Amino acid sequence: MHHLFTRAVSFSRLAHSLIAVSAAAFAASASAAEELTVYTYDSFVSEWGPGPALEKGFEATCQCDVKFVALEDGVSILNRLRIEGKKAKADVVLGLDTGLIEETRKEGLVQPHAVAFDALTPELKWSDKDFVPFDYGYFSFIYDSQKIKQPAQSLQELVDSSASVIYQDPRTSTPGQGMMMWMKSAYGDQAESAWKKLAQHTVTVTKGWWEAYSMFLEGDADYVLSYSTSPAYHQVAEDKTQYKAALFSEGHVMQVEVAAIAANSEKKELANRFLNFLISQEAQEIIPVTNWMLPVRKGVKLPEAFDTLIQPKSIELTPEYIAANRKAWIKEWRGAVSQ
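Remember, predicted model here, so these are calculated numbers, not experimental data.

Student: Break down the domain arrangement of the protein chain for me, with residues and values.
Tutor: With domains assigned, the protein chain is organised as domain 1 (34–136 + 255–307) and domain 2 (137–253 + 313–338). Using only C-alpha atoms to locate each centre, domain 1 and domain 2 end up separated by 24 Å. If you look at the interface, domain 1 gives 25 residues, while domain 2 gives 26 residues. Regarding the contact of domain 1 and domain 2, the summed buried area is about 2300 Å², with carbon and sulfur atoms giving 59% of it. In terms of surface lost to domain 2, no three residues of domain 1 exceed Asp73, Gln255 and Trp292, which account for 27% of the buried area on that side. Run the count over domain 1 and domain 2 and you get 2 salt bridges. Our count for the contact surface shared by domain 1 and domain 2 stands at 11 residue pairs in polar contact (both at pLDDT 80 or more). Elements with a minimum of two residues in the side of domain 1 that touches domain 2: helix H4 (74–84), strand S3 (92–97) and helix H5 (101–106). Per-class residue counts for the side of domain 1 that touches domain 2 are 11 nonpolar, 8 polar and 6 charged.

Student: Tell me about the state of the cysteines, residues and numbers included.
Tutor: With the rule as written, the count across this model stands at 1 disulfide. For cysteine 62, the disulfide goes to cysteine 64, at an S-S distance of 1.9 Å. Taking the sign of the S-S torsion, -85 degrees for the link of cysteine 62 and cysteine 64, the bridge is left-handed. Residue classification places cysteine 62 among the buried positions, given a relative accessible area of 8%.

The rules behind each value
Residues numbered from 1 in each chain as written. Predicted model: local features only at pLDDT ≥ 70, side-chain atom pairs only at ≥ 80, totals over all residues. Heavy atoms only, no water. Domains from an automatic or database assignment. Contact = heavy atoms within 4.5 Å. Buried area = accessible area lost by both parts, 1.4 Å probe. Salt bridge = Lys/Arg side-chain N within 4 Å of Asp/Glu carboxyl O. Polar contact = N/O pair within 3.5 Å; in protein donor to acceptor, adjacent residues only side chain to side chain. Helix = DSSP H or I, 4+ residues; strand = E, 2+ residues; numbered from the N terminus. Nonpolar A, V, L, I, M, F, W, Y, C, P; charged D, E, K, R; others polar. Disulfide = S-S within 2.5 Å. Buried < 20%, exposed > 50% of the residue type's maximum accessible area, 1.4 Å probe, protein only.

The structure is reproduced here in structure tokens:
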């Protein structure tokens, strides 16, 4: 366009007109780009998380503008929705898990989606009308095999040991909530006593996963609560093989991370397109090597590091059972660790 200005005044006027029209059209287009606000957790949208690549991939197809709002953890997303009520700006909530599904649904914080699950792995047996899974994994305690030569082989062995441990707060964190489910599954009515034993060698309980894992990497504890897939990150991204997940004989609690359309969103069509994108081949190839969890879609090729991960026996608690007992379990945990 600059070339036209140098040739003749008439062309210049025409060019000015074209520029003005184009600029106006561009401005109109930019202002017309529909925004999609997604509440999620902080590590998901960090520079190494899946958020940036998913945002770029979806925006290339939707003519929209994805706005992530980062909170500390999955439970924090639910708490934010509760506090904001009808003032919530979220169109999509991304990062709740199976432990929070029923509570979120009962409080009317989400609305039904229109996503088909034909492409999902049968292992998940997924059919929920409100929630769409985007990855899954198993809660595990991670240790540095250069420091720990004989890792605990059961949750009970870890609880009875003197090994220093960091885990997350079940009131604010989905891994923390997973830990609570794990303890109840392994100890039942004896969970309070087990919490007290664990408290004797717990370094700290953090609000979110990232704070806990960072402290572990800085050498603040022997074990940190994370995922069976976490060692794959160290192998692929850092070429380090010393970080391992301890395989426990009681089995490991499965976590399925989910997304849903917020109840107050008026952008249901766009939100459904985003949820469909989350389980597309493109997105499912991004998530395992950025969020370091397993893909929910069939046939996604994974790096060889995933072949070296532990294969836990799955402990699966129904969302209804968790919702019915979560408050009592938190009360039990608080009572035990505050003494």
